[in-house]
Amino acid sequence: MSSVQGHADPSRRVMMALANFNGRKLLFSWGLMAAYGMALLGTAVFVASSLGKNDVSFGDDGWTVAVGFYIFAIFTMVATNHAALRDRREGTSEQHESLPADPRIRAGGLVLATAWPVAAAAVLLSVVAAATAVWLVVPSGVQLMALIQTAVLVATLGSLGVVLAAWVPNPFVAPVVAFAFFIVQTPEVPASWHVIFPLAHLGSVYLAAWHTIYLGGLTLVFAGAALARSGARRSVIACLLVGAAAVAISLAVMITQVCSGSTCLF
Amino acid sequence: MQDTTIEFSSVDKRYGQVRALDSVDLEVGRGITGLLGPNGAGKTTLIRIAATVLAPEGGRVSMLGLDPAEGGGRIEIRRRLGYMPQEPGFYRNFTAFEFVDYVAILKEMADRRERSEEVRRVLGVVELTDMAHKKIKALSGGMRRRLALAQALIGRPELLLLDEPTAGLDPEQRLRFRETVSQLANDPVVLLSTHQTEDVVALCERVIVLSAGAVRFDGAPKALAETASGRVWIGVDQDSRAALSWRMGDGRFRHIGDPPPRAAPAEPTIDDAYLLMVGSTSDSQQVSA
């Protein structure tokens, strides 16, 4: 008798075990460690250059932090994509197909694994917020929202890596998308549609919160789409619908309110 | 445990115009059963169907009393089987331990402590304990084969499917492999596909010969050898009437086929019987012993 028998429905526990396994592997992959180093460097540069200044803001001085974490988020996407394509790359699909954890559970385990890079980013961002508060100035609500938004962005792009692997299983796609993230910039003249850019920092707590909801919605859409590749279950459809609703509502709110007259809250 | 673990009834499988399995009927029960046949005989197709990674086009399959065509049955079968494919894949940048650990999770071992113990156990069974924390890309071909066996042994499966497990191994590694398989604890049902007759003689209580997608023989290895009785002879010269002949180390020739009158008969081996069986294209009858 197999020792694994007797579990009623072990899929959630298996998914969590996979998430922990994949999360550790992601976090200690050389690419992500290098990107985390960039985020650390960006943070260190920000703190070092801001010491002694009276008037410090993330908007003006925190670009090194933003760039470091942007790189970390993009590398998270590449790393999750690389991990999701592991079976295809290494020829293990067949032997893993003979195991009880189906592709939906495997994809779910990988989507949830992005919690590890998110947690790593959150730790460092908390240090940024604390260091700023102690040594520089008390961060404003908008600045704190920008930090939260950055952590959510890691989850969004991590999920994007998994969904790309599920629907376009080609190892060249994620690097191309990553490159596009670097070269596609927000145009000089602000327009309301620019809120779709993941790094758009909006000038009020209210709108920044909606932008965070927008990123969260995208994360759910990507996660749902990755899981839907191996069958649309009720929970997967719910995830997709909630995510799509969050994206639609947040975009509607931001696009209608971000620009008032000639002033845009970017 | 029921006596019959795998049951194939009139199972068909085609790849385009090629008929890989042609109305195959077989039952596999306790012990180690060898699936012997030349390349392209349909062994891998049969093993893949048994491993639930391939669906047959016709006929009925029952595994461990369950129907793999039905979703719930398929998952339950997968919980209880171990599968070592012909060309196992590995995550080369993982360590041996990590790879087997990952497979253990996919086998629904969610508890980390229980899983670690099981991974250590199976790595010990295949004598890879010392290599547990080496990256797979640093392991030799033989070690990788043993690692593939280790991942199949996770969870003490009731049914073990091994597809050409000794292919590419040197003699010492093959002997080690045989030792491991013969000493498996928990006495699982083992279906071992091979084209190496020595593996069958050394390990199997029963052998099924598959050729051109059909079962040609089903019985004990000794009974397989006996099917060549009277059709093997020794001569000093090559005999053109033999279906197959080769020069032996002592300079004499061993012939198999229909012997001429007054030929000196020789004791048949499983190799002789196998060669006669798979080499005989006109023989479409299944031999049962």
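Keep in mind that this is a model prediction, so the values were computed, not measured.

Criteria and cut-off values
- Residues numbered from 1 in each chain as written.
- Chains lettered and ligands numbered in written order.
- Predicted model: local features only at pLDDT ≥ 70, side-chain atom pairs only at ≥ 80, totals over all residues.
- Helix = DSSP H or I, 4+ residues; strand = E, 2+ residues; numbered from the N terminus.
- Rg over C-alpha atoms; globule rule 2.2 N^0.38 Å.
- Buried ≥ 20, exposed ≤ 12 C-beta atoms within 10 Å, placed from the backbone.
- Contact = placed C-beta atoms within 7 Å.
- Nonpolar A, V, L, I, M, F, W, Y, C, P; charged D, E, K, R; others polar.
- Pairing = 2+ DSSP bridges.
- Axes fitted to C-alpha atoms, helices over the stretch in contact; angles between N-to-C directions.
- Core = buried A, V, L, I, M, F, W, Y, C linked by C-beta atoms within 7 Å.
- Parallel < 35°, antiparallel > 145°, perpendicular 65-115°, else oblique.

Undergrad: So what about the overall build of chain B? Which residues, and what values?
TA: What chain B contains, in helices and strands, is 9 helices and 14 strands. The C-alpha radius of gyration computed for chain B amounts to 21 Å, which stays within 12% of the reference 19 Å derived for 289 residues, consistent with globular compactness. When the backbone C-alpha atoms are referred to their principal axes, chain B occupies close to 70 × 45 × 35 Å. Counting only residues that meet the buried cut, chain B has 46% of its 289 residues in that class. Across chain B, every contact between residues at least 6 apart in sequence was considered, and the portion connecting residues at least 24 apart equals 66%.

Undergrad: Please provide a residue-by-residue account of the overall build of chain A, values included.
TA: Across its full length, chain A carries 12 helices and 2 strands. Beginning at the N terminus, the succession of helices and strands in chain A can be written as α-α-α-α-α-α-α-α-α-α-α-α-β-β. When each of the 266 residues of chain A is scored for burial, the buried share is 48%. Once local pairs closer than 6 in sequence are excluded, the contacts in chain A between residues at least 24 apart make up 81%.

Undergrad: Residue-level account of the environment of Thr4(B), with values.
TA: Residues and elements named next belong to chain B. Secondary-structure assignment places Thr4 in strand β1 (residues 4-15). Judged by C-beta crowding, with 15 C-beta atoms within 10 Å, Thr4 ranks as partly exposed. With 61 residues separating them in the primary sequence, Thr4 and Gly65 have C-alpha atoms 8.1 Å apart. The contacts of Thr4, once residues within four sequence positions are left out, are Glu27 and Gly29.

Undergrad: Can you tell me about helix α1 (residues 43-50) of chain B, naming the residues and giving the values?
TA: The buried fraction of α1(B) is high, at 8 of 8 residues. The first or second residue beyond α1(B) is Thr52(B), which carries a positive phi of 65°.

Undergrad: Go over the interface of chain A and chain B, please, and point to the residues and values.
TA: Across the boundary between the two partners, chain A contributes 23 residues, which contact 28 residues of chain B. For the side of chain A that touches chain B, the elements supplying multiple residues, two or more each, are α1 (11-27), α5 (86-90) and α6 (93-97) of chain A. Take the side of chain A that touches chain B: its biggest share by element is 5 residues, from α1(A). Among the residues making up the side of chain A that touches chain B, the classes are represented as 9 nonpolar, 9 polar and 5 charged.

Undergrad: Please give an account of the sheet that holds strand β4 (residues 58-63) of chain B that cites residues and values.
TA: In a beta sheet, neighbouring strands pair by backbone hydrogen bonds and run either parallel or antiparallel. Residues and elements named next belong to chain B. A sheet is described by the order of its strands in space; here 3 strands give the open sequence β2-β1-β4, paired in antiparallel fashion. Of all the strands in the sheet, just β2 (18-29) and β4 have a single pairing partner and so form its edges. Going from strand to strand, the sheet's axes swing by 15° on average, the running direction of each strand aside. Examined bridge by bridge, β1 and β4 share 5 bridges and lie antiparallel to one another.

Undergrad: Explain the sheet that holds strand β11 (residues 244-247) of chain B residue by residue, including any values.
TA: All names here are of chain B. Overall, antiparallel pairing links the 4 strands, which are arranged β11-β12-β10-β13 in an open sheet. Because the sheet does not close on itself, it has two edges, and the strands there are β11 and β13 (264-265). Bridge count between strand β10 (residues 232-235) and β13: 2 bridges; the pairing is antiparallel. Within β13, the position partnered with Ile234 by the bridge is Ala264. Lying over the sheet, helix α9 (residues 270-279) contacts β10, β11 and β12 (253-256), oriented at roughly 45° with respect to β12.

Undergrad: Give me the nonpolar core: which residues, what numbers.
TA: Residues Phe72(A), Ala226(A), Val100(B), Ile105(B) and Leu161(B) are the most contacted members of the largest nonpolar core, which totals 161 residues. Among the elements that make up this core, the one with the highest residue count is helix α9 (residues 141-167) of chain A (16 residues). Residues in contact with Leu161(B), not counting those within four places in the same chain, are Ile47(B), Ala50(B), Ala51(B), Leu81(B), Tyr83(B), Met84(B) and Leu191(B).

Undergrad: Give me unusual backbone geometry: which residues, what numbers.
TA: Leave glycine aside and you will find that most residues have negative phi; peptide bonds, for their part, are mostly trans. Residues and elements named next belong to chain B. Phi at Ser23 takes a positive value of approximately 50°, unusual for a residue other than glycine. Locating Ser23 in the fold gives a position in strand β2. Located in the positive-phi region is Thr52, a residue other than glycine, with phi close to 65°. In this fold, Thr52 is placed in the loop between α1 and β4. The class of Thr52 is buried, set by 24 C-beta atoms lying within 10 Å.

Undergrad: Describe the environment of Ala51(B), naming the residues involved and giving the relevant values.
TA: Checked against the element boundaries, Ala51(B) lands in the loop between α1 and β4. In this structure, the C-alpha to C-alpha distance between Ala51(B) and Leu81(B), residues 30 residues apart in sequence, is 7.5 Å. Leaving out residues up to four positions away in the same chain, Ala51(B) has contacts with Ser98(A), Leu81(B), Tyr83(B) and Leu161(B).

Undergrad: An account of the packing of helix α2 (residues 30-50) of chain A against helix α4 (residues 63-84) of chain A is requested, with residue identities and associated values reported.
TA: Residues and elements named next belong to chain A. Relative to each other, α2 and α4 sit at 170°, their axes nearing to 7 Å. If you check the angle between α2 and α4, you find them roughly antiparallel. Between α2 and α4, the contacting residues are Gly31, Leu32, Ala35, Tyr36, Met38, Ala39, Leu41, Gly42, Thr43, Val45 and Phe46 on the first element and Thr64, Val65, Val67, Gly68, Phe69, Ile71, Phe72, Phe75, Thr76, Val78 and Ala79 on the second. Residues of the contact of α2 with α4, tallied by class, amount to 16 nonpolar, 6 polar and no charged.

Undergrad: Explain helix α3 (residues 96-106) of chain B residue by residue, including any values.
TA: With 10 of 11 residues buried, α3(B) lies mostly within the body of the structure. Contacts from the buried residues of α3(B) go to α1 and α6 of chain A together with α4 (112-125) and α5 (141-153) of chain B. Just downstream of α3(B) lies Glu108(B), where phi reads positive at about 70°.

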